[in-house]
Amino acid sequence: MNKLQLEKLPLPARISLMNSPTPLQKSRLTWGKDTLHWKRDDLTPFGLGGNKLRKLEFLLADALNHKADLIITSGAPQSNHARLTAVISAMLNLSSIIVISGEMPSEWGGNLLLDRLAGAEIIACGEEPLAEAVERISSERSSQGRHPYIIPLGGSNALGSMGYFLAFFELMEQAKEQGWTPKTLVCSVGSAGTLAGLVAANALFPQPLHLIGVNVIEISDQLYSRVEQLASEILDLLQTPCSLPPFEITSDFIGAGYGLPTPPSSEVIIECFRTDGILFDPVYTSKGVAAVKNLMQQKSRELPEEIVFWHTGGGPAIFDQHYYTELLNYT
């Protein structure tokens, strides 16, 4: 699909938050014969960066169209999505509520600190399921005369995932301008929206890429189905239904669970920071990079490939005491 064809698609309304493409940089790391590139969505322009900005372009445009005056979303205490939702909501003069899992924290480091600086109201749901807490709070605020708009976990519905449908073509155009063609594209996967957008776009590309998602949530077959469902919904929304090319999801790098660093993920954080000056986070991207390192070191690979890791941001989480204390053990 060329640029002209892309522009003819019935894209939903969006607000402009990206300004320009994020950098596509060649890595100095030598983990094998392959060449590694970083797609730098940690350098999106607001709120210390991150991939959720691409989703919020569509989601907050929809909120404004619905005359919302309150944005409600949810996530773990160190949610990157919550941080950017709080920041952009404030920039648009919209109030925001962040519903977090578990109990109210006693310390306010990393993303939680930035949520508060952005003016978000933070509500801990305790043992109540996040989705139920969000619906309850939305109903309560509606009864008080507010007009809430709920953004799902990670911004990962078909509308939000549209951001990564477009981002795929941004990447391919950048690589073409640099004189090379991606073969394998890897990203970390949590709420599924980023990978789903890439899978949907890959379905319209004449020579589909090898897409690999690195699961950081929990070992479950449901994640693959969730990505397939979202990707199909994106194509339906764009009135271009077609079959999806195959993709992979690996759960080999989760370790003890979500938000729990592993020795390989901690080691690549330090290695990448010292070699390329790029900071990955302990929850999502470092586990994805650990998977890339393992892929590149496989001895059975004869022909070198151009590999892209999509850096979805998340650096502020490293300044949570739980994470930086763990990292110090590897320095």
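Definitions and cut-offs
Along each chain, numbering runs from 1 in the same order as the chain's sequence is written. For this predicted model, a pLDDT threshold of at least 70 governs which residues receive local features, and a threshold of 80 or more governs which side-chain atom pairs are given and counted, while totals over whole chains, interfaces and linings are taken from all residues. With hydrogens and water excluded, all non-hydrogen atoms of the structure serve as input to the side-chain values. UniProt positions are given in the numbering used here, feature names are shortened, and annotations may be inferred rather than shown by experiment. Whenever a pair of cysteine sulfur atoms sits within 2.5 Å, that pair is classed as a disulfide. Strands pair, by our definition, only if DSSP identifies at least two bridges between them. Elements are defined by DSSP. Helices are runs of H or I of four residues or more, strands are runs of E of two residues or more, and each kind is numbered from the N terminus. Axes here refer to lines fitted to C-alpha atoms; in helices the fit is confined to the stretch in contact. Angles between the N-to-C directions go from 0 to 180 degrees. Among the buried residues, those of types Ala, Val, Leu, Ile, Met, Phe, Trp, Tyr and Cys that are joined through side-chain atoms within 4.5 Å form a nonpolar core. Throughout, exposure labels follow a simple rule: accessible area from a 1.4 Å probe, protein chains only, divided by the maximum for the residue type, with under 20% read as buried, over 50% as exposed, and the rest as partly exposed. Delimitation of the domains relies on an automatic or database domain assignment. Contact definition: two residues touch when any of their heavy atoms are within 4.5 Å. Only rings of Phe, Tyr and Trp enter the pairing, Trp through its six-membered ring, and a pair is recorded when the two centres are within 6.5 Å. The plane angle decides the type: under 30 degrees is stacked, over 60 is edge-to-face, the rest tilted. Looking down the strands as they point away from the viewer, one classifies a crossover as right-handed if the path from the first strand across the helix to the second runs clockwise. Residue count minus one, scaled by 1.5 Å, sets the expected span of a helix. Throughout this description, a polar contact denotes any pair of N or O atoms lying within 3.5 Å of each other; where both atoms belong to protein, one of them has to be capable of donating a hydrogen while the other can accept it, and for residues adjacent in sequence the pair is counted only when both atoms sit in side chains.

- As recorded in an unreviewed UniProt entry, the protein chain goes by D-cysteine desulfhydrase and comes from Desulfosporosinus hippei DSM 8344.
- Taken verbatim from the UniProt record of the protein chain, the Cofactor (unreviewed entry) comment is "pyridoxal 5'-phosphate".
- Under the Sequence similarities (unreviewed entry) heading, UniProt states for the protein chain: "Belongs to the ACC deaminase/D-cysteine desulfhydrase family."

1. Let's talk about the state of the cysteines
- Tallied over the entire structure, the rule returns zero disulfides.
- No disulfide involves Cys272; its nearest neighbouring cysteine sulfur is the one of Cys187, lying 16 Å away.

2. What about the sheet that holds strand β3 (residues 70–75)?
- Strand order in this open sheet of four strands is β5-β4-β3-β6, and the pairing throughout is parallel. Each edge of the open sheet carries a strand with a single partner, namely β5 (121–124) and β6 (148–150). Sheet twist, expressed as the mean angle between neighbouring strand axes with direction ignored, is 25°.
- Here four bridges tie strand β4 (residues 95–100) to β5, and the two strands are oriented parallel to one another. Across the sheet, Val99 pairs through a bridge with Ile123, a residue of β5.

3. Here's the deal with the nonpolar core
- Core analysis: the largest hydrophobic core is formed by 66 residues, its most contacted members being Leu60, Tyr149, Phe165, Phe168, Leu185, Leu198 and Trp310.
- Broken down by element, the residue count for this core peaks at twelve residues, all from helix α6 (residues 158–178).
- Here this core spans two domains, and each of domain 1 (3–50 + 156–328) and domain 2 (51–155) adds at least three residues to it.
- In contact with Leu198, other than residues within four places in its own chain, are Tyr164, Phe168, Leu185, Cys187, Leu211 and Trp310.

4. Considerations on the packing of aromatic side chains
- Counted under the stated rule, the structure contains nine aromatic pairs.
- When the centroid spacing of 5.0 Å and the interplanar angle of 55° are considered together, the rings of Trp38 and Phe280 count as tilted. Here the residue Trp38 occupies a position in strand β2 (residues 35–40), and Phe280 occupies one in the loop between α9 (263–276) and α10 (285–296), the gap between them amounting to 242 residues.
- Among the residues examined, Trp38 registers a relative accessible area of 0% and is labelled buried.

5. A closer look at the pairing of β3
- Counting buried positions along β3 yields six of six residues, so the element is predominantly enclosed.
- Burial along β3 is two-sided: the face carrying Leu70, Ile72 and Ser74 and the face carrying Ile71, Thr73 and Gly75 are both buried.
- For the crossover that starts at β3, traverses helix α3 (residues 80–91) and ends in the parallel β4, the hand is right-handed.
- Bridge count for β3 against β6 is three bridges, and the pairing is parallel. Within the sheet, the bridge partner assigned to Ile71 lies in β6 and is Tyr149.

6. Things to note about α6
- The terminal C-alpha atoms of α6, which comprises 21 residues, lie 31 Å apart, in line with the 30 Å expected from a rise of 1.5 Å per residue.
- For α6, a buried count of 17 out of 21 residues is recorded, marking the element as mostly surrounded by other parts of the structure.
- Phi turns positive one or two residues past the end of α6, at Gly179, with a value near 90°.

7. Details of the environment of Asn329
- Among the structural elements, Asn329 can be located in the segment after α11 (321–328).
- Separated by 260 residues in the primary sequence, Asn329 and Asp69 place their C-alpha atoms 45 Å from one another.

8. Description of the UniProt feature "active site" (unreviewed entry) in the protein chain
- On the UniProt side, "active site" (unreviewed entry) is annotated at positions that read Ser79 here.
- Structurally, Ser79 can be placed in the loop between β3 and α3.
- Accessibility expressed as a relative area gives 8% for Ser79, which makes it buried.
- Here the side chain of Ser79 touches His81 through a polar contact of 3.3 Å, landing on its backbone nitrogen.

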